[in-house]
Every structure is written in C-alpha cells, then in structure tokens.
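Chain residues, written in single-letter form:
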Amino acid sequence: QVQLVESGGGLVQVGGSLRLSCAASGRTFSSYGMGWFRQAPGKEREFVAAISWSGGTYYADSVKGRFTISRDNAKNTLYLQMNSLKSEDTAVYYCASDWTGQDTRSYKYWGQGTQVTVSS
C-alpha cells in the first residue's frame, strides 16, 4: 500500500523558513517524479514545485528563488525548503507522486497535507 506522509508544517513569521518532508512508503519512489502543491482556503490546489526521477526541478513563479525541492532516494523522502516566507504562502501543503509537472490530475498518489501558516 503506497503512502505519502507530510510533516514539518507549522506557524512561522514573515521572512522565516520551514522545511517540509514527505515520507514515502509501500514502494520505491526513485524512478518516479514527485511534486509539492498547496491549497489556501477558498482557492484551488496549485502547483508549487516538482522534481523528476533524475533530479530535474521545476517551480511556480511565485516561489522561484525562495523554495527548493529535493529528494533523498535512499530514504524515500521528498523535501521542500521554504525561505523568505510570505503571508500568501499560507496554505495546506501536499506532496504527490508519479508525475513531474503542474497538472494535479496527472499525479497518482497524494499525502494528507500539512498546514503552513505565515503570520505578520
């Protein structure tokens, strides 16, 4: 049974940093692309970042230069380092697997999400 579990969310002040983790289990994920998405209250889920099986990275314009996606295949874990956080980064963050891209419909597996709140 494939499972993705996010952690690392919390409350942080504007300008602060957080690192999200996504622990994958039930299968080896090294051959698959993975991504991070977020959903703010009243808004649609949106693409944040993705990483291919070979390590290629892609970012939404809104986070480029502030967020870094990475993966540790030995640990079956996906990361999202978030720096210079803004209040508009407040959302539930989800990791997803089995695709590399911006389309939520193309990802096969999803985690349950972790809340990130950026306060001013």
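Above: the structure in question.
To keep things clear, this report deals only with the structure shown in the data block. (Residues numbered from 1 in each chain as written. Predicted model: local features only at pLDDT ≥ 70, side-chain atom pairs only at ≥ 80, totals over all residues. Heavy atoms only, no water.)

## Brief notes about the state of the cysteines
For the record, the criterion: Note on terminology: pairs of cysteine sulfur atoms within 2.5 Å are recorded as disulfides. Comment: elements are numbered from the N terminus, with helices defined as DSSP H or I runs of at least four residues and strands as E runs of at least two. Note on exposure labels: buried denotes an accessible area under 20% of the residue type's maximum, exposed denotes more than 50%, and partly exposed covers the range between, all computed with a 1.4 Å probe on protein chains only.
With the rule as written, the count across this model stands at one disulfide. Each disulfide pairs two cysteine sulfurs, and for C22 the partner residue is C95, the sulfurs being separated by 2.0 Å. Taking the sign of the S-S torsion, about 50 degrees here, the bridge from C22 to C95 comes out right-handed. Of this pair, C22 sits in strand β3 (residues 18-25) while C95 is found in strand β9 (residues 91-97), placing the two residues 73 residues apart along the sequence. Of the residues examined, C22 reaches a relative accessible area of 0% and is grouped as buried.

## Section: the pairing of β9
What counts, and what does not: Note on pairing: DSSP must find at least two bridges between two strands before they are called paired.
Among the seven residues that make up β9, six are buried, leaving the element largely enclosed by the rest of the structure. Pairing geometry for strand β4 (residues 34-39) and β9, over six bridges, is antiparallel. Its bridge partner being in β9, Q39 is matched across the sheet by V92. Two strands pair when backbone bridges link them, and β9 and strand β11 (residues 114-119) are joined in this way by three bridges, in the antiparallel orientation.

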